[in-house]
Amino acid sequence: MSLDFINPLLLLGLAGIALPVLAHLLSKKKYDVVQWGAMQFLELGRNARRKVRLEQILLMLLRMGMIALVALAVSRPWLAGGCISSLVSTETRDVVFVIDGSYSMGWQGKAETPHAAAVGWAKKFLDELRPGDSIAVIDAREQPRAAIASPTRDFQHVRDTLDKLPEPSGSADLAAAVTKALQTLGRASSLSREVVVLGDGQARSWRAGDATLWTSIDALRQEPAVEPRIWVVDVARHAPGEKPNLSVERLQLSRQLTVPGFPVRVRTKVRYTGTTTGAATPRIHLHVDGQRIDDRTVKHTIPAEGEASVEFEYRFPSVGSHVLSVVLDEDDLPGDNAAHAAVTVAEAIPALLVDGDPQLEPTRSETWFAQKALTPATSATPWVRATVVPWDRFTRDSLTGIAVVFLANVPRIEPAQAEFLDEFVRHGGGLVVALGDKVDAESYGRLRDAEGRPLLPAVLEKIEEDTEAALGGVRVVDDSLQLPWLARFRAKEGDGFTEARYGRWWKLDLAAKPPAGRAGIDGDGAHSDDQTQAVRAARLNTGDPLLVSRRHGRGEILLFASSLDADWNTLPARPDYVSFLHETVFHLATGLSARNVQVGEPLLLPVPADLVLDDYAFHAPDGSALPPRAAGDELRPAARLGETQLAGIYEFRRRASENGGAQPGPGALREFFVVDFDRAESDLAVLDEPARQDLAAGDRLAFVSTLDELKAAMFTDSSRTEVWPLLLFVFLAILVGEVVMTRRLVQGGHEALDTASASVPQAASLDGFLSEVNLAMEGGQKH
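Residues numbered from 1 in each chain as written. Predicted model: local features only at pLDDT ≥ 70, side-chain atom pairs only at ≥ 80, totals over all residues. Heavy atoms only, no water.

Asker: Break down the confidence of the model for the protein for me, citing the residues and quoting the values.
Answerer: The pLDDT averaged across the protein works out to 82; a share of 82% of its residues lies at or above 70. Within the model, pLDDT remains below 50 along residues 658-662, and this stretch shows seven contacts once partners closer than five positions in the same chain are excluded. This model gives residues 768-773 a pLDDT under 50, and the stretch forms six contacts once residues within four places in sequence are excluded. (pLDDT = per-residue confidence, 0-100. Contact = heavy atoms within 4.5 Å.)

In structure tokens, the structure reads:
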């Protein structure tokens, strides 16, 4: 039999047993004694004094025992094993089910998927628990989700929650889920605390090779006085052998924001894994909003453990929010047979051109070429709606409804303008800073964001000129165009983007870049490293950068070292000038909304200022309606959703209760989003024996195969019993004894006094006693 305490620090309360001792010692403090002649008749006898002293000591011990019992009870001692534990055991359990929710749990190679088997297994285990036991449930995804956060004794509620778990999707981090389960048990009160992990035995989800992670889990497991036990059950029980699987990788879009009739290219890869022999020839389809496009189906022969690249092109006929999908025919693991991406088709993207050198002759202004390229007068439905404002009239109100701003050879930016430009980009706007001969480099160098860091991605040094035009001129190096939105301008002969010649340009210093912050997403969906590394998007053959970009909040800043007009280069004379400006606008405008994100990153949607958010909801892949939160600012109000633990397609639409159905009413918003996930879950390799031994080292966790095996290991262990109820019962008994003892001591003292009075002779009666006192007082006065 062993003894331990749940709250051992509270044993410090045992120091309180010294209080009765101190009270007893203080009561024996010596006082001045005045001899009084008749006092001899009131003194107790020697035996009576001894009896009183013994009773006082016994009363002190009883009070010390009461304090000790209270201190022991609040420290919650418990016994494991032994005859006492077996006789009075009232052991209860706190159990946390961790159910793997990754898409590998949707394997259909058997009559029942592993996920369905895990839910059924958990329900059977509930029948083995006692009514006083409590249950919590964690849905293990890439970010663990608490389906039942606080352990409950309502078993029917647990069964209902298990039935409502979302279908397997995305990946799973079982190590993080176990950590969350241990944290849940840290608030539990039972003597037996169990974590039961129900998964398919997949090796990747356990991160067995991360020794630092599992060391921290060991420390967390050993923190409480009652150490939780971790049990791992492989509900899939895959037979050894090959498990061929076809999977689609993440989609790469040429643009997430487009206009009707403008092509969108979709690229991805299809992998064939789980086998070392043979090849597969899958059919690969393009879907738009869930509907297959009949003329967009291709076939590829993919060797074992190989891959094939796939590309589709599609032109949306009308404006709206859409989902593009690349889909394979069904196989045993449907969770990775499709990949999705959200695309927004806008009527026209609003852009603002700030002219730094306005002229009476329009053709000589800095923005004339750019405006004609973006919004040609001959087009009734332009893809970009560009407006022009002189730089000295550029105000905060100028940014209302604008997606991208071009600063064309603006001499200087005033502090107030820098402030609202910082806010504009931070909340998702795009900013292009095109330089020229009017630019004051010192003024631009003083530009700072709200945190006092440089706003531009590079420092302006000096103006360079082409002094060797005879050698072919200064051009863009083709290999420097590596960014996806610039890739289309590579390797084009004749009138291509790389054929334009640059006579003058600003030399940019990227070494003076702002420090990078920590990676992540902040509360409004902005990258928390607002001043990230500057990216050299294009380079001249002199080695000088021509295009430098950097993320800033949710938006992006693009610095163009030359001019937008034809003063410093021949780019406006090239046909690619129009395409380059359009691609720039499409690329920078995507920051206004977060449509394609990873698990855990927030969704963000620009909304009209008069939209009532309470009438709308984000609808998750499992069908649940999640309330949006107001975000953005006065210029760009937005709706935000931070709870994106489930991978899949989300939809922002009017609540069904407000519309009488699932479909939105006329004129109501209906916007799509995609939360993507790690595709490595397609690797179905299971934990090998060495990995199991590493995970189980030091009794960290135990692998079991069946329910009977778990019952034998969990329920036949030495019974644990808390003894604080017994201690409180003893405390009450001692309290009664203390009351009785105190009453006896008081009554005993009166009886002794009565006995002493009875032994006084008749002459020493009260009258005689008083007369003696009077004589004594008279004698004292005479003396």
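Asker: Mind laying out the pattern of salt bridges, listing which residues take part and the relevant values?
Answerer: Evaluation of the coordinates by the stated rule reveals 42 salt bridges. The shortest N-O distance in the salt bridge between Asp-449 and Arg-453 comes to 3.7 Å. On the accessibility criterion, Asp-449 (7% relative accessible area) is buried. Its salt-bridge partner being Lys-507, residue Asp-544 comes within 3.0 Å of it at the nearest N-O pair. (Salt bridge = Lys/Arg side-chain N within 4 Å of Asp/Glu carboxyl O. Buried < 20%, exposed > 50% of the residue type's maximum accessible area, 1.4 Å probe, protein only.)

Asker: Tell me about helix H6 (residues 174-185), and name the residues and values.
Answerer: Relative to the 16 Å expected for twelve residues at 1.5 Å per residue, H6 spans 16 Å between its end C-alpha atoms, a close match to the ideal helical length. Taken together, the buried positions of H6 are occupied by Leu-174, Ala-175, Ala-177, Val-178, Thr-179, Ala-181, Leu-182, Thr-184 and Leu-185. Check the buried side of H6 and you find it contacts strand S3 (93-100), strand S4 (134-140), strand S5 (145-152), strand S6 (192-199), helix H7 (211-222) and strand S7 (229-234). A side-chain oxygen of the first residue of H6 lies 3.3 Å from the backbone nitrogen of Ala-175; this N-cap is Asp-173. (Helix = DSSP H or I, 4+ residues; strand = E, 2+ residues; numbered from the N terminus. Expected span 1.5 Å × (residues − 1). Polar contact = N/O pair within 3.5 Å; in protein donor to acceptor, adjacent residues only side chain to side chain.)

Asker: Describe the packing of aromatic side chains, and please don't skip the residues or the numbers.
Answerer: Per the stated rule, a full pass over the model turns up 16 aromatic pairs. Ring centres of Phe-97 and Phe-125 lie 5.7 Å apart, and the angle between their planes is 80 degrees; this geometry places the pair in the edge-to-face category. Within this pair, whereas Phe-97 is found in strand S3, its partner Phe-125 is found in helix H4 (residues 114-126), the two being separated by 28 residues in sequence. Taken as a pair, Phe-97 and Phe-125 share a single burial class, namely buried. In this structure an aromatic cluster arises from ring pairing among Phe-489, Phe-497, Phe-560 and Phe-580. The ring of Phe-673 has Arg-595 lying over it, and the distance from NZ or CZ to the ring centre is 4.9 Å. The lysine or arginine in question, Arg-679, covers the ring of Phe-677, its NZ or CZ lying 4.1 Å from the ring centre. (Phe/Tyr/Trp six-rings, centres within 6.5 Å; stacked < 30°, edge-to-face > 60°. Lys NZ or Arg CZ within 6 Å of the ring centre and 35° of its normal.)

Asker: Account for the side chain of Gln-202, with residues named and values stated.
Answerer: For Gln-202, the position within the fold is in the loop between S6 and H7. The class of Gln-202 is buried, set by a relative accessible area of 2%. In this structure the side chain of Gln-202 is engaged in a polar contact, spanning 3.3 Å, whose partner is the side chain of Ser-205. Look past the residues within four positions of Gln-202 in its chain and what remains in contact with it is Ser-102, Ser-104, Glu-681, Asp-683, Leu-684, Ala-685, Val-686 and Leu-687.

Asker: A description of the nonpolar core should follow, citing residues and the corresponding values.
Answerer: Within the largest apolar cluster, 81 residues are counted, with the highest numbers of intra-cluster contacts made by Phe-394, Val-405, Leu-407, Tyr-444, Tyr-502 and Leu-508. Broken down by element, this core gets its largest block of residues, seven residues, from helix H11 (residues 576-589). Ignoring sequence-local partners within four residues, the contact set of Phe-394 consists of Leu-352, Val-354, Val-389, Leu-399, Val-405, Leu-407, Gln-417, Phe-420 and Leu-421. (Core = buried A, V, L, I, M, F, W, Y, C linked by side-chain atoms within 4.5 Å.)

Asker: For empty space enclosed by the protein, give the residues involved together with the corresponding values.
Answerer: Taken as a whole and assessed by the stated rule, the structure comprises three cavities of 30 Å³ or more. The wall of the largest cavity is formed by 14 residues, among which Gly-199, Gly-201, Trp-206, Val-232 and Val-233 lie closest to the centre. Elements with a minimum of two residues in the lining of the largest cavity: S6 and S7. Top element by residues in the lining of the largest cavity is S7. It accounts for three residues. The residue makeup of the lining of the largest cavity, split by class, is seven nonpolar, three polar and four charged. What the second largest cavity holds in volume is close to 40 Å³. (1 Å grid on protein atoms, 1.4 Å probe; cavity = no way out; pocket = protein on both sides within 12 Å on 5 of 7 lines; lining within 4 Å. Points joined across faces, edges and corners; volume = space filled by probe spheres on them. Nonpolar A, V, L, I, M, F, W, Y, C, P; charged D, E, K, R; others polar.)

Asker: Outline the sheet that holds strand S20 (residues 384-390), listing residues and values.
Answerer: Spatially, S20-S19-S21-S22-S27-S26-S25 is the arrangement adopted by the seven strands of the open sheet, whose pairing is mixed. Edge strands, defined here as strands with exactly one partner in the open sheet, are S20 and strand S25 (535-539). The mean inter-strand angle of the sheet, taken between neighbouring strand axes irrespective of direction, is 20 degrees. Contacting strand S19 (349-355), S20, strand S21 (404-408), strand S22 (430-434), strand S26 (545-552) and strand S27 (555-560), H11 crosses the sheet at an angle of about 130 degrees to S21. (Pairing = 2+ DSSP bridges. Axes fitted to C-alpha atoms, helices over the stretch in contact; angles between N-to-C directions.)

Asker: Tell me what's going on with the pairing of S7, and back it up with residues and numbers.
Answerer: Two faces make up the sheet, and in a regular strand the side chains alternate between them. Counting buried positions along S7 gives six out of six residues, so the element sits mostly inside the fold. The two faces of S7 match: Arg-229, Trp-231 and Val-233 on one face and Ile-230, Val-232 and Asp-234 on the other face are all buried. Where S6 lies against S7, six bridges are found, and the strand directions are parallel. From the neighbouring strand, Val-195 faces S7, where its bridge partner is Ile-230. In this view, the connection linking S6 to its parallel neighbour S7 by way of H7 has right-handed handedness. Bridge analysis of S7 against strand S36 (residues 702-704) gives three bridges, and the strand direction is parallel. Within S36, the position partnered with Val-232 by the bridge is Phe-703. (Right-handed = clockwise from strand over helix to strand, strands pointing away.)

Asker: Run through the sheet that holds strand S32 (residues 629-632), naming residues and quoting values.
Answerer: Spatial strand order, S29-S33-S32: three strands in an open sheet with antiparallel pairing. The open sheet is flanked by strand S29 (603-606) and S32, the only strands paired with a single partner. Between one strand axis and the next, the sheet turns by 35 degrees as a mean value, whatever way the strands run. The sheet contact formed by S32 and strand S33 (residues 637-641) spans four bridges and is antiparallel. In the strand pairing of S33, Ala-630 is matched with Ala-639.

Asker: Describe unusual backbone geometry, naming the residues involved and giving the relevant values.
Answerer: Residue Asn-409 is not a glycine yet carries a positive backbone phi of 55 degrees. Here Asn-409 lies in the loop between S21 and helix H9 (415-426). Judged by its relative accessible area of 1%, Asn-409 is buried. Unusually for a residue other than glycine, Asp-699 sits at a positive phi of about 55 degrees.

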